[in-house]
Amino acid sequence: MKKLNRVASLFAVAAVAAAAASGASAQTIDNWRATDGTVWKNGTNEYCWRNNFWTPATAAKGCDGEIKPAPKVEAPAPVAPPAPVAPPAPPKPVTPPPAPVSEKVTFAADAFFDFDKSTLKPEAMAKLDDLVGKTKGINLEVIIAVGHTDSVGSDEYNQKLSIRRSEAVKAYLVNKGVEPNRVYTEGKGEKQPVADNKTAEGRAKNRRTEIEVVGTRNK
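Predicted model, so just to flag it, every value in this text is computed and none were measured. (Residues numbered from 1 in each chain as written. Predicted model: local features only at pLDDT ≥ 70, side-chain atom pairs only at ≥ 80, totals over all residues. Heavy atoms only, no water.)

Trainee: Help me out: how do you make sense of the overall build of the protein chain in this one?
Mentor: Helix and strand content of the protein chain: four helices and four strands. The helix and strand sequence of the protein chain, counted from the amino end, reads α-β-α-β-α-β-α-β. Across the 219 residues that make up the protein chain, the buried fraction comes to 28%. Considering only contacts in the protein chain between residues 6 or more positions apart, those separated by 24 or more positions represent 69%. (Helix = DSSP H or I, 4+ residues; strand = E, 2+ residues; numbered from the N terminus. Buried < 20%, exposed > 50% of the residue type's maximum accessible area, 1.4 Å probe, protein only. Contact = heavy atoms within 4.5 Å.)

Laid out in C-alpha cells, this is it:
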C-alpha cells in the first residue's frame, strides 16, 4: 500500500510540472517578426515594432518596453538605533493623481496609382495629408506602407514597381515632417490583389499602396 501511495504522488508531481510547462509555452510575443524570426526594429535599432495586442508582458526579449526583473538590493549593514525622540505629528494623507491610461490607435488609407506609375495622384496626397494630421494627436509608433500592382507584366518587374510605390508614400510623409525611421516600407508585387485582374476596374483597384498608422494616446 505504501508503494502505491508513492507512485500516485510521483504521477501528481509530473502532472503539475507538465501543466506549468504548457502554460509557459503558451506565452505569445507581440512584436512584429520577419520571416526569419528576427524582430523588426526601427532604423536606429532603438525600438521594436509592436502589433495591436502588444503589452509589456508579451514584449520580445531585449525590446523596448520589456518587463525587467527587479534589481537585487543588498541588505544594509546594521546600525545602532537612534536615541528615542518624541513622535512627530502624523502627516496629512495625500491622494496621488490617477495614472494616465493609454489606448492603441490605428488609422488606414489606400493610395492608388496609374498603370506602370509610382507617382502619387492629388487624391492620394490628400489622404496622406489627412493621416499626417491625425498623427499630431497620438504617440506615433510606426507607419507601414505596403505597395501592390496589377497582374500586367512580369513578377520581377511588378515586385520592383510595388516597392517604388511604397517608397513614394514614405518620401511624401517624410517631406511632411514624419521621422524617416518611423516609416516601414514593403512591396508585395502582384501577389495580393483585392479585385479581379481580368477587368480594367479591378486592375485599377490593385495598383495601390496600403498605409497603416499605429500609435497610442491617453484616454
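Trainee: Explain the side chain of R208 to me, please; I cannot follow it from the model alone.
Mentor: In this fold, R208 is placed in strand β4 (residues 208-218). R208 sits in the buried class, given a relative accessible area of 2%. Polar contacts involving the side chain of R208 include one to the side chain of E210, which spans 3.1 Å. Those residues in contact with R208 that lie beyond four places of it in its chain are A111, F112, F113, V146, G147, H148, R165, Q192, P193 and V194. (Polar contact = N/O pair within 3.5 Å; in protein donor to acceptor, adjacent residues only side chain to side chain.)

Trainee: Whenever I open this one, the sheet that holds strand β1 (residues 102-112) confuses me. Can you help?
Mentor: Sheet strands associate in pairs through backbone hydrogen bonding, adopting either a parallel or an antiparallel arrangement. Spatial ordering of the open sheet is given by β1-β4-β2-β3, a layout of four strands whose pairing is mixed. The sheet is open, and its two borders are formed by β1 and β3 (183-187), each paired with just one other strand. Direction aside, neighbouring strands of the sheet carry axes that sit 15 degrees apart on average. Note: β1 against β4, 11 bridges, orientation antiparallel. (Pairing = 2+ DSSP bridges. Axes fitted to C-alpha atoms, helices over the stretch in contact; angles between N-to-C directions.)

Trainee: Where do I start with the packing of aromatic side chains in this structure?
Mentor: The description of two aromatic rings rests on the distance between their centres and on the angle between their planes. On inspection of all chains with the given rule, the structure shows zero aromatic pairs. The residue whose ring lies beneath R164 is Y157, and the NZ or CZ to ring-centre distance is 5.8 Å. (Phe/Tyr/Trp six-rings, centres within 6.5 Å; stacked < 30°, edge-to-face > 60°. Lys NZ or Arg CZ within 6 Å of the ring centre and 35° of its normal.)

Trainee: Would you mind going over the confidence of the model for the protein chain with me for this structure?
Mentor: A low pLDDT score tells you not to read the predicted coordinates there in detail. Averaged over every residue, the pLDDT of the protein chain is 82; residues scoring 70 or more account for 87%. When mean pLDDT is taken per element in the protein chain, helix α3 (residues 155-175) scores highest with 97 and helix α1 (residues 2-25) scores lowest with 38. Note that pLDDT drops below 50 for residues 1-27; the model gives that stretch two contacts with residues more than four away or on any other chain. (pLDDT = per-residue confidence, 0-100.)

Trainee: Would you mind showing me how to read helix α2 (residues 122-135) here?
Mentor: An α-helix turns once every 3.6 residues. As a result, residues three or four positions apart point the same way. Its 14 residues place the ends of α2 20 Å apart at the C-alpha level, agreeing with the 20 Å of an ideal helix rising 1.5 Å per residue. Of all the residues in α2, the buried ones are A124, L128, L131, V132 and T135. Looking down the long axis of α2, one finds its buried residues gathered within 100 degrees of arc, a one-sided arrangement. Turning to α2, the residues buried within the fold contact β1, β2 (139-147), α3 and β4. (Expected span 1.5 Å × (residues − 1). Arc of directions from axis to C-beta.)

Trainee: Hey, could you run me through the pattern of salt bridges in this one?
Mentor: Any two side chains of opposite charge can pair if their charged atoms end up close together. Tallied over the entire structure, the rule returns 10 salt bridges. A salt bridge links R207 to D150; the nearest nitrogen and oxygen atoms lie 3.0 Å apart. Of the two residues, R207 sits in the loop between α4 (200-206) and β4 while D150 sits in the loop between β2 and α3, which places them 57 residues apart along the sequence. Residues R207 and D150 agree in their burial class; the two are buried. Note that R208 is salt-bridged to E210, the shortest N-O span being 3.1 Å. Judged by relative accessible area, which is 29%, E210 ranks as partly exposed. (Salt bridge = Lys/Arg side-chain N within 4 Å of Asp/Glu carboxyl O.)

Trainee: Please clarify how the pairing of β3 should be interpreted in this entry.
Mentor: In regular strands, side chains alternate between the two faces of the sheet. Because side chains alternate across β3, one face comprises the buried residues V183, T185 and G187, and the other comprises Y184 and E186, none of which is buried. Relative to β3, β2 is paired through five bridges, and the arrangement is parallel. Bridging from a neighbouring strand, A145 pairs with T185 of β3.

Trainee: Would you mind going over unusual backbone geometry with me for this structure?
Mentor: Comment: phi is negative for the bulk of residues other than glycine, and the bulk of peptide bonds are trans. One non-glycine residue, D116, lies in the positive phi region at around 60 degrees. Checked against the element boundaries, D116 lands in the loop between β1 and α2. In this structure D116 comes out as partly exposed when scored by relative accessible area, which is 34%.

Trainee: Looking at this structure, how should I read α3?
Mentor: When the terminal C-alpha atoms of α3 are compared, their 30 Å separation across 21 residues agrees well with the 30 Å that a helix rising 1.5 Å per residue should span. Among all positions in α3, only N158, L161, S162, R165, S166, A168, V169, Y172 and L173 are buried. For α3, the buried positions fall inside an angular range of 140 degrees around the axis, keeping them on one side. Seen from the open side of α3, the exposed residues pointing more than 90 degrees away from its buried face are E156 and N175. In this structure, the buried side of α3 is in contact with β1, α2, β2, β3 and β4. Phi for G177, located one or two positions after α3, is positive at around 110 degrees.

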